Amino acid sequence: MSDQRGPLESIVIVGGGSAGWMTAAALADSLGSSCTITLIESEAIGTVGVGEATIPPIRNFNQRLGIDEATFVKETAGSYKLGIQFVDWSRLGHSYFHPFGQFGAEFDTVPFYHYWMRESLAGRIEGPIDEFSMCWAMAKAGKFAHPQPDRRKIQSTFDYAYHFDAGLYAAFLRKFAEVRGVKRIEGRVVDVARSGEDGFIESVTLDSDEKVAGEFFVDCSGFRGLLIEGALEAGYENWQHWLPCDRAVAVPCAKQHDITPYTRSTAKAAGWQWRIPLQHRTGNGYVHCSEYVGEDEATEILMSSLDGEPVGDPRMLRFVTGRRRKFWDKNCVAIGLSAGFMEPLESTSLHLIQYGILRLLALMPDREMSPLLAREYNSQTTAEYERIRDFLILHYKATTRDDAELWRYCSAMEIPETLQYKIDHFRNHGMIVSDERELFANPSWIAVYLGQDIVPERAPAMAQMRGQVPVADRMRAIAQAMEDAVAEMSAHGDFLARHCRSPIAA
Ligand code: FAD
């Protein structure tokens, strides 16, 4: 690579799945015409075509690109998501909700959940903490409304994300990117040429013999990691001993009358099944571990537990949980499945794409391609993957199920020290320890700890020391405010029909 310090003039993206088109859209929006952006994709190879549930930060991504929400939901046949219902995870017959938003509302310097623990451990309130989640109150009533900005209102205590059709999402972003000058080339990359001097990627060759040269390459080629692994051999850190699922069979089915505003994840003997409601269909998949169930049996289990008639044939996807050892190597950064995959339990993959893109924009190299930039990108991304990894492992580790081999393995497995440390704090005195860059904030950890039967031995000390606070009155008022707020909201289906009905929903 030349030692010039001028800005990049050409970036090549290999891959046109969600990762490729999210990257193309964001780069085109930010870089304007200062740099040519070319995206290569192969229709014959196709995309994974799943990835339909998101978490709230996706709204920031859309806002940054100036995407109007109603248009977005309409064009992707999307629906709103208030959180995830976890069924049979801690034990059979039990469920809990991981909401997007806080529990209760703050009425003192001591957090609400500290008081809730104090009251619950003393037997003065019954029922799960879910009863104090605005998201769950709305979700179980099948309602939706936007949160309100006035922080004195209970309607300000929740957040939301989307479910959408992955194919329509890529098409939506493609339109966005092409209008802003991204050049798309259809073709299969068959060769990658590297400089003999420093090993930097110089060009890729397509099956048509066309050569596409670039100064910087973004590998969005999916699990195969065509550039980052195929050419640069960045290496892969395998996390299967912590996140043992390695297959998913997916099939959509006919939509249900009531479109629930949440994802459902139901634990099964050898994995778990997702249910994602869209306007025109419901997405389903059984994520499983091949050591404990065969592909045919997994497919049968999925097909026999759908809400409606299947639409199309089931599709098997194979993966290895983990991450690329180097996300950015030389003049290539891997974004999307080429960077790693931690399984879809908490809908974090599209989020990791979003943050990969934002980090790339923040650390945009010039032609000098300083290795310091790659080092910083890799260090930040590694930390982000590891924080998410720990949160996912918690779901598997904290189970009391002993009815199947997978769950016996998970409850007995060694976990990363970083996670054990967090669990010890919560179990001992009900405190959440997290670093401020944590994607999943305190309410998420509380939901999963309590939902999966990790109960603190005692409530945090401060809650015990503030006997003068009228906690019972405040809690009653919060519960009443939630009930009143939900009563005024529209059914989720009506909300969609009124504001963002997809033309294909009928
Ligand atoms: P892909 O979709 O595989 O795209 C790869 C692209 O590279 C394609 O365009 C392909 O044609 C192209 N390509 C590959 N090789 C070549 C070549 N030689 N020449 C030219 N082009 C090539 N994420 C979430 O956030 N939420 C979810 O609910 C969720 N659920 C998931 C469920 C499952 C079972 C799986 C496996 C993943 C899920 N994900 C989810 C992850 C999400 O699907 C991906 O992160 C997202 O779709 C991005 O994929 P991608 O673009 O990296 O790869």
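Residues numbered from 1 in each chain as written. Predicted model: local features only at pLDDT ≥ 70, side-chain atom pairs only at ≥ 80, totals over all residues. Heavy atoms only, no water.

Trainee: Where do I start with the sheet that holds strand S11 (residues 211–213) in this structure?
Mentor: Sheet strands pair by backbone hydrogen bonding; their relative direction is either parallel or antiparallel. Strand order in the open sheet formed by three strands is S9-S10-S11, with antiparallel pairing between adjacent strands. Every interior strand has two partners, whereas the edge strands, strand S9 (189–194) and S11, have only one. Put simply, the sheet's adjacent strands are angled 25 degrees from each other on average, direction ignored. (Pairing = 2+ DSSP bridges. Helix = DSSP H or I, 4+ residues; strand = E, 2+ residues; numbered from the N terminus. Axes fitted to C-alpha atoms, helices over the stretch in contact; angles between N-to-C directions.)

Trainee: I'm lost on the sheet that holds strand S5 (residues 95–99) in this one. Help?
Mentor: Taken together, the seven strands give an open sheet; going across it, the order is S5-S4-S15-S16-S17-S14-S18, and neighbouring strands pair in mixed fashion. Single-partner strands in this sheet number two, and they are S5 and strand S18 (315–318). Along the sheet, successive strands turn relative to each other by an average axial angle of 20 degrees, direction set aside. When strand S4 (residues 83–87) meets strand S15 (residues 263–268), the two strands line up parallel, connected through four bridges. Among the inter-strand pairings, glutamine 85 is bridged to a residue of S15, identified as arginine 264.

Trainee: Even after reading the chapter, I still don't get the site of the ligand, so can you show me in this structure?
Mentor: Neighbouring the ligand are 35 residues, the closest being Gly16, Ala53, Val189, Leu337 and Leu350. A distance of 3.1 Å separates an oxygen atom of the ligand from a polar atom in the backbone of glycine 46. Take valine 189: an N or O atom from its main chain is 2.7 Å from a nitrogen atom of the ligand. Within the complex, 97% of the 1000 Å² of free accessible area of the ligand lies under protein. Looking at the shell around the ligand, the elements with two or more residues in it are helix H1 (18–31) and helix H9 (349–362). In the shell around the ligand, the residues fall into 17 nonpolar, 14 polar and four charged. (Near = heavy atom within 4 Å. Polar contact = N/O pair within 3.5 Å; in protein donor to acceptor, adjacent residues only side chain to side chain. Areas by Shrake-Rupley, 256 points an atom, 1.4 Å probe, with all protein chains shown as cover. Nonpolar A, V, L, I, M, F, W, Y, C, P; charged D, E, K, R; others polar.)

Trainee: Looking at this structure, I do not really get helix H11 (residues 405–412). What am I missing?
Mentor: The set of residues buried in H11 consists of Leu406, Trp407 and Cys410. Here the buried residues of H11 occupy an arc of 90 degrees about the axis, which is enough to place them on one side. Opposite the packed face of H11, turned more than 90 degrees from it, sit the exposed residues Glu405 and Ala412. Buried residues in H11 make contact with S15, strand S16 (271–277) and helix H10 (371–397). (Buried < 20%, exposed > 50% of the residue type's maximum accessible area, 1.4 Å probe, protein only. Arc of directions from axis to C-beta. Contact = heavy atoms within 4.5 Å.)

Trainee: What exactly am I supposed to notice about the state of the cysteines here?
Mentor: Note: disulfide means a covalent bond formed between the sulfur atoms of two cysteine side chains. Applying the stated criterion across every chain yields a total of zero disulfides. No disulfide involves cysteine 332; its sulfur sits 9.1 Å from that of cysteine 220, the nearest cysteine. We note that cysteine 500 lacks a disulfide partner, and the nearest cysteine sulfur, in cysteine 135, lies 17 Å from it. By relative accessible area, cysteine 500 is classed as buried at 1%. (Disulfide = S-S within 2.5 Å.)

By themselves these figures say nothing about function.
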